[in-house]
Amino acid sequence: MTRISRRIMCIAAALLLAVAAVGASFAVSEAVFAEKSTFALSRYGSTGTEVKNIQTKLKSLGYYNGSVDGIYGTQTKNAVTAFQRNCGITVDGIAGPQTLLYLGLGGSSSGSSGSGKYTAEEVNLLAKVISAEARGESYEGQVAVGAVVLNRVAHPSFPDSISGVVYQNGAFSCVYDSNWYQPVAESAKRAAQDAINGWDPTGGAIYYYNPAKTSNAWMRSRPVIKIIGNHYFCK
């Protein structure tokens with residue numbers, strides 16, 4: 001092989017390596033962009049539609065009473081911080097993927113359960129509230145609590161997501177006590193799935209209470225439609 005031929009081959013090889021490097025760099029950049037697009041986050045100083053959605057959701061849950069202006073200012077950050085603290089997730093005032101998920105703004109339902117309607121995270125949250133609220137109740141009583149949560153999701157007077165209903169200010173006392181941090185019972189996991197699959201032992205209740213523990217006059221005035229175990233289920 002002549003010297004000229006060898007030089008030509010070297011140049012060609014160098015060109016191929018350069019093209020491959022550019023292609024790899026583009027692929028990495030594209031992957032990073034895709035990840036950032038999937039896991040969008042809003043923080044202090046952010047503006048736009050996502051911030052408006054966050055403010056609207058926090059307002060509906062009782063954490064935010066400012067203007068829905070799409071500006072992530074001090075009020076919005078404080079509301080996000082309060083929500084995070086109440087949910088027991090990382091408290092940083094940033095509406096990242098986990099916070100958005102708990103707000104019901106987590107996006108895709110591609111990881112949904114068999115019903116195709118709720119994500120795996122939502123099913124787990126439903127099981128968690130059943131386990132905490134209906135500990136010691138019969139299996140039917142556990143499904144009933146799950147059904148009330150889902151009935152609220154479908155009701156125009158309540159937030160339209162499981163996380164929104166569960167974390168609505170004052171809705172479920174269990175999120176403030178030690179039961180919330182106990183392991184989720186296996187029966188509660190099954191009860192959550194049964195409730196999602198359509199079993200509603202309550203006949204459409206959107207409230208329930210334990211008469212031995214509740215002195216709230218308004219709650220006691222609700223028409224009782226079913227009694228299961230220690231809980232009175234109401235419209």
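In case you missed it, the structure is sitting above this.
Conventions adopted
Note that residues are indexed from 1 along each chain, following the sequence as it is written. Where totals are concerned, whole chains, interfaces and linings use all residues; where local detail is concerned, this predicted model gives features only for residues with pLDDT of at least 70, and gives and counts side-chain atom pairs only at 80 or more. Side-chain figures throughout are based on the complete set of non-hydrogen atoms in the structure, without hydrogens or water. Note on terminology: a nonpolar core comprises buried Ala, Val, Leu, Ile, Met, Phe, Trp, Tyr and Cys residues joined through side-chain atoms within 4.5 Å. For each residue, the accessible area found with a 1.4 Å probe, counting protein chains only, is set against the maximum for its type, and the residue is called buried under 20%, exposed over 50%, and partly exposed in between. A helix here means a DSSP run of H or I that spans at least four residues, while a strand means a run of E at least two residues long, and both kinds are numbered starting from the N terminus. Throughout this description, the term salt bridge denotes a Lys or Arg side-chain nitrogen within 4 Å of a carboxyl oxygen of Asp or Glu. Given a helix with a known number of residues, its expected span is that number minus one, times 1.5 Å. Axis definition: a line fitted to C-alpha atoms, limited for helices to the stretch in contact. Angles are taken between N-to-C directions and run from 0 to 180 degrees. In what follows, roughly perpendicular refers to angles from 65 to 115 degrees, roughly parallel to angles under 35, roughly antiparallel to angles over 145, and oblique to any angle outside these ranges. Note on convention: near helix rotated counterclockwise from far helix by under a right angle means a left-handed crossing. Clockwise means right-handed. Between two residues, a contact is recorded if the distance between any of their heavy atoms is within 4.5 Å.

1. Description of the nonpolar core
Reasoning step 1: One finds L58, L126, V129, I162, V166 and W180 to be the most contacted residues of the largest nonpolar core, which totals 52 residues.
Reasoning step 2: Elements that contribute at least two residues to this core include exactly α2 (49–60), α3 (74–87), α5 (120–133), α6 (139–154), α7 (162–166), α8 (186–196), β1 (207–209) and β3 (231–234).

2. Side note on the pattern of salt bridges
Reasoning step 1: According to the stated counting rule, one finds three salt bridges in the structure shown.
Reasoning step 2: Between D160 and K57 there is a salt bridge, with its nearest N and O atoms 3.0 Å apart. Remark: K57 occurs in helix α2 and D160 occurs in the loop between α6 and α7; sequence separation between them is 103 residues.
Reasoning step 3: In this structure D160 comes out as exposed when scored by relative accessible area, which is 57%.
Reasoning step 4: By relative accessible area, K57 is classed as buried at 10%.
Reasoning step 5: Residues E186 and K189 are paired through a salt bridge, measuring 3.1 Å at the closest nitrogen-oxygen approach. Of this pair, E186 and K189 both sit in helix α8, three residues apart, which is roughly one turn of that helix.

3. Structural notes on α6
Reasoning step 1: An ideal rise of 1.5 Å per residue puts 22 Å on 16 residues; α6 measures up with 23 Å between its terminal C-alpha atoms.
Reasoning step 2: For α6, a buried count of 13 out of 16 residues is recorded, marking the element as mostly surrounded by other parts of the structure.

4. Side note on the packing of α5 against α6
Any two packed helices are characterised by the angle at which their axes cross and by the distance between the axes.
Reasoning step 1: Two elements in contact, α5 and α6, have axes whose closest approach is 9 Å; the angle formed by their N-to-C orientations is 130 degrees. Viewed along their axes, α5 and α6 adopt a mutual orientation that is oblique. In this structure, the crossing between α5 and α6 has a hand that is right-handed. From α5, L126, V129, I130 and E133 reach across to α6, where they touch Q142, V145, G146, V149 and L150.

5. Brief notes about the packing of α6 against α8
Reasoning step 1: Relative to each other, α6 and α8 sit at 50 degrees, their axes nearing to 8 Å. Classed by the angle they form, the pair α6 and α8 counts as oblique. Read as a crossing pair, α6 and α8 show a hand that is right-handed. Note on element contacts: α8 touches α6 through S187, A188, R190, A191, D194, A195 and I196, opposite Y139, Q142, V143, G146, A147 and L150.

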